[in-house]
Each structure stands twice: as structure tokens, then as C-alpha cells.
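Residue-level listing of the chains:
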Amino acid sequence: MRDIVLASNNMGKAREFEAILEPLGFKLHLQKEFDVPEVDENGFSFIENALLKARHAAKYAQMPALADDSGLCVDALDGAPGIYSARYCGHWGDDQANNDKLLEALKDVPTQKRTARYYVALAFVRSATDPVPIIVTASWEGSIGTVPRGSGGFGYDPLFQVTGRDLSAAQLPPQIKNCISHRARALALLAAEFRRYHIIEPSM
């Protein structure tokens, strides 16, 4: 197994990453194992923030690092909450408050105009000064429901209605979500890049 630090302490994200990375031979560590302090996410895009976090975690953990920056982009809100998804309500990590604010912002928006997507950028660095980081992006199309549904997942999952399924992301079984989500798609792209750069064997 190859050790890699995930530039996050979010257990929901960690579970999704582990399900896909462990079969490829990676042992995932949360950054708190190495006392990595929080980094100022002052980028203006998902890609900038992902790379900031990856380099920061690699510096403290002294091992390869993987970071994601992801969020929900709602068309009727001009892409908000976007890179501010985790702190949309004004402070970090309050899923309930974030969902409540989103519902309030969309209260007068009709169903057909509530289209949205989850978007993610992944950044992998071999070291904090890696001059050729691997960066991939992916999205997951859906719309925003009028009431929360389901108890699985995290973040905006109870409100995110998956295109082509009469289910919210929070109602999907984990094994299904881990195959079709934005993060799953990005990780598949990342695995392809790992093979291209011979970080893992081409047969994996």
C-alpha cells in the first residue's frame, strides 16, 4: 500500500475516497494525523483551492497529497454557492444551515429552473513543490428539490435531485453514489492519470 494524505478532515469525503483508492493500492490518511493546520482557501476557483490544500498537506505530512475542492453550483443563483458551499451560511461546516439558506434563496424559483450540478477539482502532488501536479475536474448534473430527502451522504445531498433518478443524492446507496457522483468520476480520471504517469501499474 502507498501512503497518501488527504487534505481534509471530512469523514464523508474520506469514506468516498477510500472506497475508490484502496483497490488501487493507496492507504489514505486524514491530514489531522499529521497536525496539518487549516490553510487559507483564498483561491477564486475550485482548482486553485484544491492545489493550495494539496501542497499545504504535503508540506506538513512529508508525503504525496490529494486534495479536492468541491461544491454545489446552482444556475438560478449564478453558480452560487460555488467555492463557498461549505460556508454558505456564514460559517464552516453547518450542513443544516447551508441547506436552509439554499432553500430560502430558491423559494420563488420554479422547479424547471432549479438546475444545478456538483463540481469537483482534484489535485495530486508528489511533494509540496511538485512542478507537475495532476489536476482533474468532473461534475454531476441534477436539480435542487424543495424539501430534503434521505439521510445518507453529507452537505447538500438531501436537496440534490439526481438527473435521471427519482432520488436525492442522500437516498442513493453508497455503492451507487460511489460510481456516479462527481467525485467518483473525478477519481476515475485521476486513476487514468496515475496509470499514464506510472504512479500505479497500468493493469490496476
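Just above, that's the structure.
Heads up: these notes are all about the structure in this document.

By secondary structure assignment, the location of Asn49 is in helix α2 (residues 46-61). Given the relative accessible area of 0%, Asn49 is considered buried.

If you look at the biggest cluster of nonpolar residues, it comprises 23 residues, and the most contacted ones within it are Leu66, Leu122 and Leu190. Those elements giving two or more residues to this core turn out to be β1 (2-6), α1 (11-21), β2 (26-30), β4 (115-125), β5 (134-144) and α5 (182-196). Per-element tally for this core: the top contributor is α5, with five residues. Look past the residues within four positions of Leu190 in its chain and what remains in contact with it is Leu66, Leu122, Phe124, Ile134 and Val136. Residues Ala116, Trp140, Ile144 and Ala169 belong to the second largest nonpolar core, which totals 17 residues.

What follows covers the sheet that holds strand β3 (residues 65-74). Pairing is mixed in the open sheet, where six strands are placed in the order β2-β1-β3-β4-β5-β6. The open sheet has two edge strands with one neighbour each: β2 and β6 (160-162). Averaged over all neighbouring strand pairs, the angle between strand axes comes to 40°, with direction disregarded. Strands β2, β3, β4 and β5 of the sheet are contacted by α5, whose axis makes an angle of about 160° with β5.

The interhelical angle for the contact between α1 and α5, taken along N-to-C directions, is 40°, at an axis separation of 10 Å. Here α5 runs oblique to α1, going by the angle between their axes. For the pair α1 and α5, the sense of crossing is right-handed. Of α5, the residues touching α1 (which contributes Lys13, Glu16, Phe17, Ile20 and Leu21) are Arg183, Ala184 and Leu187. Residues that form the contact of α1 with α5 fall into these classes: five nonpolar, no polar and three charged.

Basis of the calculations
Residues numbered from 1 in each chain as written. Predicted model: local features only at pLDDT ≥ 70, side-chain atom pairs only at ≥ 80, totals over all residues. Heavy atoms only, no water. Helix = DSSP H or I, 4+ residues; strand = E, 2+ residues; numbered from the N terminus. Buried < 20%, exposed > 50% of the residue type's maximum accessible area, 1.4 Å probe, protein only. Core = buried A, V, L, I, M, F, W, Y, C linked by side-chain atoms within 4.5 Å. Contact = heavy atoms within 4.5 Å. Pairing = 2+ DSSP bridges. Axes fitted to C-alpha atoms, helices over the stretch in contact; angles between N-to-C directions. Parallel < 35°, antiparallel > 145°, perpendicular 65-115°, else oblique. Left-handed = near helix turned anticlockwise from the far one by under 90°. Nonpolar A, V, L, I, M, F, W, Y, C, P; charged D, E, K, R; others polar.

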